[in-house]
Amino acid sequence: MSEGITPREEDYSRWYTDIIAAAELADYAPVKGCMVIRPYGYAVWENIQRALDQMFKETGHQNAYFPLLIPESFLKKEAEHVEGFAPQCAVVTHGGGKELEEPLVIRPTSETIIWSMFRKWIMSYRDLPILINQWCNVVRWEMRTRLFLRTSEFLWQEGHTAHATAEEAEHEARQMLGIYQKFAEEYMALPVIPGQKSEREKFAGAVRTYGIEAMMQDRKALQAGTSHNLGQNFARAFDVTFQDESGKQEYVWATSWGVSTRLIGALIMAHSDDQGLVIPPRLAPIPVVIIPIYQGPEREMVLAKAQQIAQQLKDCYQVKLDDRDQYRPGWKFNEWERRGVPLRIELGPKDLAKDQVVLVRRDNNAKEVVPIAALQERVKGLLEAIQHSLYDRALQFREKYSFYIDDYEEFKNTLDTPGGFIYTFWCGSSTCEENIQEETKATLRCIPFQNEDGEGCCIYCKKKAHDRVIFARAY
RNA sequence: CGGGGCGUAGCGCAGUCUGGUUUAGCGCACCUGCUUUGGGAGCAGGGGGUCGGAGGUUCGAAUCCUCUCGCCCCGACCA
């Protein structure tokens, strides 16, 4: 279809990387596994940040910053945590030309350094809760990397909270998952399934891990955000206690939660098509682009009107007026389609004569003529319509490829074709989970909060089970 | 780490098997000029390369040999 973009049907992986190159979202860095986020891609990230940051602050969180380098010994204080992260850590051994007395780990996540600080800050229940978030980069040495989805260094936010009671911590972990869900659905136009992670899939050092799962267009699952109830694990590891109201010393209860630049990968794989990127209006760096059309002497008049319209719309939206003379309109149409701009306004002499413009939607190519007087209103309406229709389309897709299956053979067949989310009973044993994964390459994505069926038999061992869980091949 | 693919201009490639009119070429992009502009314009002119790197074979290497570095894709670890 579009030049330089491999169709999804032909090669989904290539399509994905082609989209990123064509829309100029990111590029490969000189170091393996690292990526450069280009201005257009970073603008998407900034929009993600802005929306989430506001939601975090509305729920009482404050931003802070903790250092990149963490003493290696810190990481070793929490048993599960070391085991989980040690193999993935980059370690600094030299500084200033000399070997360091203690190697410094580049943060794979900041629980340890943050809890070492919480120890200094928390004395009594009056110091709690502490609700902190940080926007930063982390490094995890990955064997296999893919732009946005898994890179050795990535950008994210990590929330870290400390509470006086287990209930409060649990409430916080669930609340933040709720925020992620709301963000995914309302901003990314991405339907997600909130649920709990199995023991095998949970965060190293957590008591419980929650996550939101989304389905990509190749029917694979992608975890779009996680939230952990860390119990008292880190408080014990870092000896963080507080005096409660009755005067007793207690360990502090903790949570942590995060989303990363992986969300951009999710955005791409959920909505884009063979023409290029498709970005939901609420996250689009440029929601509206104006393409003026003119020949010779018409130029001044058309451009003047285009500028006027741009100015008028700018009060509400980021509008781009593409007044570059070196490209012709057809070329520009393609360019902005490739870059996923949700709405295009075409304005030429014929429109000028009739006081109208042509509007074209990126999501379905629908074209309509609108009087300039009604433009503002119509743009607003269309952007909302696009936002909703992207969500609906993604939801329908997910529903279409969600299956309730109780037979293991059927389970395997369905995973192969057509693929998707398989809701099935599972007894709760890690062994069954592991065997299923080895035999089918599907992982237990989550135990959904909303479970429809009550009782059944484990798809693997046939023992009694009371949870229908989701299995899928995943990123 | 295993399997596959690939390193030649900014990007995509041909040339490699069979060493020699190749002074290393083509398309796109880029620069200049003119004509163009409602779905990726046309013509003319122009700039741009240590052929990933190091050794070797040879009168002669992008091409053959050895070593090496890097990347992409598919698997085992993970947001």
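Computed from a prediction, not measured in an experiment: that's the story for all the values here.

A.B. asks: Explanation requested: unusual backbone geometry in the structure shown.
C.D. replies: Keep in mind that most residues, glycine aside, have a negative phi and that most peptide bonds are trans. Backbone torsion omega between Leu128 and Pro129 reads -5°, so that peptide bond is classified as cis. Summarising the element assignment, Pro129 is placed in the loop between helix H5 (111-121) and strand E7 (130-139). Between Thr417 and Pro418 the backbone carries a cis peptide bond, its omega angle lying at 0°. Here Pro418 shows up in the loop between helix H13 (408-416) and strand E21 (421-426). The backbone of Ala189 shows a phi angle near 55°, a positive value even though the residue is not glycine. Given a relative accessible area of 0%, Ala189 falls into the buried group.

A.B. asks: Where do I start with the pairing of E21 in this structure?
C.D. replies: Consecutive side chains of a regular strand alternate in pointing toward one face of the sheet and then the other. The buried fraction of E21 amounts to six of the six residues, a majority that puts the element mostly inside the structure. Alternating positions in E21 separate into two faces, Phe421, Tyr423 and Phe425 on one and Ile422, Thr424 and Trp426 on the other, with burial throughout. With three bridges joining them, strand E20 (residues 402-404) and E21 adopt parallel strand pairing. Among the inter-strand pairings, Tyr404 is bridged to a residue of E21, identified as Tyr423. Regarding topology, H13 serves as the crossover connection from E20 to the parallel E21, and that connection is right-handed. Relative to strand E25 (residues 467-472), E21 runs antiparallel, the two sharing five bridges. Note on E25: the bridge partner recorded for Thr424 is Val469.

A.B. asks: Looking at this structure, I do not really get helix H9 (residues 298-314). What am I missing?
C.D. replies: Residues lying three or four places apart along an α-helix face the same way, a consequence of the helix completing one turn every 3.6 residues. Look at H9: 24 Å from first C-alpha to last across 17 residues, which is about the 24 Å you get at 1.5 Å a residue. What H9 keeps buried is the set Val302, Leu303, Lys305, Ala306, Ile309, Ala310 and Leu313. End-on view of H9: buried residues confined to an arc of 165°, all on one side of the axis. Facing away from the buried side of H9 by over 90 degrees, the exposed positions are Glu300, Met301 and Gln311.

Thresholds applied
Residues numbered from 1 in each chain as written. Chains lettered and ligands numbered in written order. Predicted model: local features only at pLDDT ≥ 70, side-chain atom pairs only at ≥ 80, totals over all residues. Heavy atoms only, no water. Helix = DSSP H or I, 4+ residues; strand = E, 2+ residues; numbered from the N terminus. Buried < 20%, exposed > 50% of the residue type's maximum accessible area, 1.4 Å probe, protein only. Pairing = 2+ DSSP bridges. Right-handed = clockwise from strand over helix to strand, strands pointing away. Expected span 1.5 Å × (residues − 1). Arc of directions from axis to C-beta.

Note that all results are geometric; they support no functional claim without further evidence.
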